[in-house]
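Architecture and fold: a report
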Amino acid sequence: MENKEIQNVEIEIDPYLESSKAFHLEMPLYHTLDLAIGITAEKAYAWMTYSGTTDAYCIWCGKESVFDAEDHLYGTTYSAWRKDAGFRRNVYRCSRDNDHRYFVYYLKTKESLQKIGQWPSAADFQIPQAEKYRKILGEEEYKELTRGIGLAAHGVGIGSFVYLRRVFENLIEEAHVLAQKETGFNQEAYKKGRMDEKIELLKNHLPDFLVENKVLYSILSKGIHELTEYECLQYFETVKIGIEQILDEKIIQREKADKAAKAREAIQKAHGKINGTK
Ligand SMILES: [Zn+2]
């Protein structure tokens, strides 16, 4: 009973209210917060008046930096803020260089707060962070991943899911190509299987995170066929992080394999030399 109550409370909290970064930098354009919900209004006020620091990627530094938020509300009280209406701007300054600034714009009414602008765009700083996946994905797949990120940053939810699903399906197909080479691979069962069954058949060739979280694919498919634009945007970050986890694991596996191959070669060489000098 108690658990159920906690769950209900969690559902009401918009995921973009979780941190200053999520609120100001990751919330998609035109996302609207309903200030009639008490907890939403309180949290939105807290982030609108936030003057602390935020860890975020700086596109000019080309790496993670610490940003200082400017408080433009200068001690406006919560009740005054609730009655307030009009356009509002928040600025984040990179602590390495004051000219590195992120601007975020909002339209505030008595009952709602809507994000209406962001410069540089969320895609501008999210895409350079995806750069590390370029090599493991290949050029075509990398383009699809960044297109998905770009669409979500501009408020296109379902379309962004289409690209993420393609990235996911390609990871599966890559594993399928490898598995087919093995004797005893059940090609018939694979062809007829649902995605979760396919993943199970390919599990020796897939990152553990993907096998453990096969449900990611059903979220993506459900997004394309059943969820609304808004719901897709709401879950975009979760699904993107899931895919990044899979790609991170692939990168580590590849690095490990490369290192092992080099070590093997060096050991063989050393062994040969020692034997030769004996
Ligand atoms: Zn910077």
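Scroll up a little and you will see the structure.
First, a word on what this report is: a plain description of the structure on this page. (Residues numbered from 1 in each chain as written. Predicted model: local features only at pLDDT ≥ 70, side-chain atom pairs only at ≥ 80, totals over all residues. Heavy atoms only, no water.)

Concerning empty space enclosed by the protein
The full count for this structure, using the stated rule, is 1 cavity of 30 Å³ or more. The calculated volume of the largest cavity comes to roughly 100 Å³. Counting only elements with at least two residues in the lining of the largest cavity, the list comes to helix H5 (122–130), helix H7 (139–153) and helix H13 (229–277). For the lining of the largest cavity, a count of residues per class yields 10 nonpolar, 2 polar and 2 charged. (1 Å grid on protein atoms, 1.4 Å probe; cavity = no way out; pocket = protein on both sides within 12 Å on 5 of 7 lines; lining within 4 Å. Points joined across faces, edges and corners; volume = space filled by probe spheres on them. Helix = DSSP H or I, 4+ residues; strand = E, 2+ residues; numbered from the N terminus. Nonpolar A, V, L, I, M, F, W, Y, C, P; charged D, E, K, R; others polar.)

Focus: unusual backbone geometry
In this structure, the amide linkage connecting tryptophan 119 to the following residue, proline 120, adopts the cis form with an omega of -10°. Secondary-structure assignment places proline 120 in the loop between strand E6 (112–119) and H5. Despite not being glycine, tyrosine 30 has its phi angle at roughly 70°, a positive value. Note that tyrosine 30 resides in the loop between helix H2 (20–26) and strand E1 (32–34).

Observations regarding the packing of aromatic side chains
Within this structure, the stated rule accounts for 12 aromatic pairs. Each ring, one from tyrosine 45 and one from tryptophan 81, has its centre 5.5 Å from the other, and the planes form 55°; the classification is tilted. One end of the pair, tyrosine 45, is in helix H3 (residues 38–48); the other, tryptophan 81, is in helix H4 (residues 78–83), and 36 residues separate them in sequence. With a centroid separation of 6.3 Å and an interplanar angle of 35°, the aromatic rings of phenylalanine 103 and tryptophan 119 are classed as tilted. Of this pair, phenylalanine 103 sits in strand E5 (residues 97–108) while tryptophan 119 sits in strand E6, and the two are 16 residues apart along the sequence. Classification of phenylalanine 103 as buried rests on a relative accessible area of 13%. Over the ring of tryptophan 81 we find lysine 108, and its NZ or CZ is 4.9 Å from the ring centre. The ring centre of tyrosine 190 lies 5.2 Å from the NZ or CZ of lysine 198, which sits over that ring. (Phe/Tyr/Trp six-rings, centres within 6.5 Å; stacked < 30°, edge-to-face > 60°. Buried < 20%, exposed > 50% of the residue type's maximum accessible area, 1.4 Å probe, protein only. Lys NZ or Arg CZ within 6 Å of the ring centre and 35° of its normal.)

Some details on the nonpolar core
Residues Leu145, Phe168 and Ile172 are the most contacted members of the largest nonpolar core, which totals 36 residues. For this core, the secondary structure elements donating two or more residues are helix H6 (134–137), H7, helix H8 (157–180), helix H10 (195–201), helix H11 (208–212), helix H12 (215–225) and H13. Once residues lying within four places of it in the same chain are set aside, the contact partners of leucine 145 are Ala130, Tyr133, Leu137, Leu164, Val167 and Leu247. One finds Tyr45, Leu73, Tyr92 and Tyr106 within the second-largest nonpolar core, a separate group that totals 29 residues. (Core = buried A, V, L, I, M, F, W, Y, C linked by side-chain atoms within 4.5 Å. Contact = heavy atoms within 4.5 Å.)

Observations regarding the environment of leucine 202
Tracing the backbone shows leucine 202 in the loop between H10 and H11. C-alpha of leucine 202 to C-alpha of tryptophan 60: the two residues are 142 residues apart in sequence and 41 Å apart in space.

With respect to the coordination of the zinc ion
Ligation of the zinc ion by protein atoms is provided by Cys58 (SG), Cys61 (SG), Cys94 (SG) and His100 (ND1), these donors lying 2.2 to 2.4 Å from the ion. One way to put it: the 4 donor atoms around the zinc ion meet at angles of 103 to 119°, and that makes the site tetrahedral. Donor residues binding the zinc ion come from one chain and are separated in sequence as C-x2-C-x32-C-x5-H. One end of the pair, cysteine 61, is in the loop between strand E2 (53–58) and strand E3 (63–69); the other, cysteine 94, is in strand E4 (residues 86–94), and 33 residues separate them in sequence. Overall, cysteine 94 belongs to the buried group, its relative accessible area being 0%. (Donors = N, O, S within 2.8 Å, 3.2 Å for Na, K, Ca; no water. Tetrahedral: all angles 85-135°; square planar, octahedral: opposite > 155°, others 65-115°.)

Honestly, it's all geometry; don't read function into it.
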